[in-house]
Amino acid sequence: MSKKIHEFNDMIRKLRKEVFGKGPERIHTVFVENMAVSTLYGNITPTEKFIASTPEGLKMVHAARTSMIQDLYTQSPPEGMEELMGSKLLHLFSDIKIEEDFAISVFVFEKNISE
């Protein structure tokens, strides 16, 4: 894995640990043109698992792990991310499968970031 991908994954893990109390256990990221596509495994905390045991709780955890994180990145990308990538972060698209405990995040940058 390249140093750039490793640093990018560390930024993702650190932010999510700060926000949710637990970062992903494993992250696989690929850079494609102006996008970083990250698959995140082992995201859900024991408390979130408990909350997600009801349909209403599942919706709450899903919202927290998708729209809340997207809003957070919109307000302020992780410190150093745009410098590392050499491009401004334009959008983050994110979804999670609570039951399988894996998520996909697609970071869209202004310029090509491929290595």
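Residues numbered from 1 in each chain as written. Predicted model: local features only at pLDDT ≥ 70, side-chain atom pairs only at ≥ 80, totals over all residues. Heavy atoms only, no water.

As a further point, take the UniProt feature "domain: Na+-translocating membrane potential-generating system MpsC" (unreviewed entry) in the chain. According to UniProt, the positions carrying the feature "domain: Na+-translocating membrane potential-generating system MpsC" (unreviewed entry) are residues 5–111. Annotated as residues 5–111, this span is 45% helix and 29% strand, and its ends, taken at the C-alpha atoms, are 17 Å apart. (UniProt positions renumbered as here; feature names shortened; annotations may be inferred. Helix = DSSP H or I, 4+ residues; strand = E, 2+ residues; numbered from the N terminus.)

Now for the pattern of salt bridges. Two side chains carrying opposite charge are able to pair once their charged atoms lie near each other. Counted under the stated rule, the structure contains four salt bridges. In this structure, the salt-bridge partner of Lys-3 is Glu-7, at a minimum N-O distance of 3.6 Å. Remark: Glu-7 and Lys-3 occur in helix α1 (residues 3–20); sequence separation between them is four residues, near one turn of the helix. Arg-65 serves as the salt-bridge partner of Glu-48, at 2.9 Å between the closest nitrogen and oxygen. (Salt bridge = Lys/Arg side-chain N within 4 Å of Asp/Glu carboxyl O.)

Relative to the assigned elements, Ser-105 resides in strand β4 (residues 102–109). On the basis of relative accessibility, which here comes to 0%, the residue Ser-105 falls in the buried class. Of the polar contacts made by the side chain of Ser-105, one reaches the side chain of Arg-16; its length is 3.1 Å. In this structure the side chain of Ser-105 is engaged in a polar contact, spanning 3.1 Å, whose partner is the side chain of Ser-94. If sequence neighbours within four positions are ignored, Ser-105 has contacts with Arg-16, Ala-36, Val-37, Ser-38, Leu-40, Leu-92, Phe-93 and Ser-94. (Buried < 20%, exposed > 50% of the residue type's maximum accessible area, 1.4 Å probe, protein only. Polar contact = N/O pair within 3.5 Å; in protein donor to acceptor, adjacent residues only side chain to side chain. Contact = heavy atoms within 4.5 Å.)

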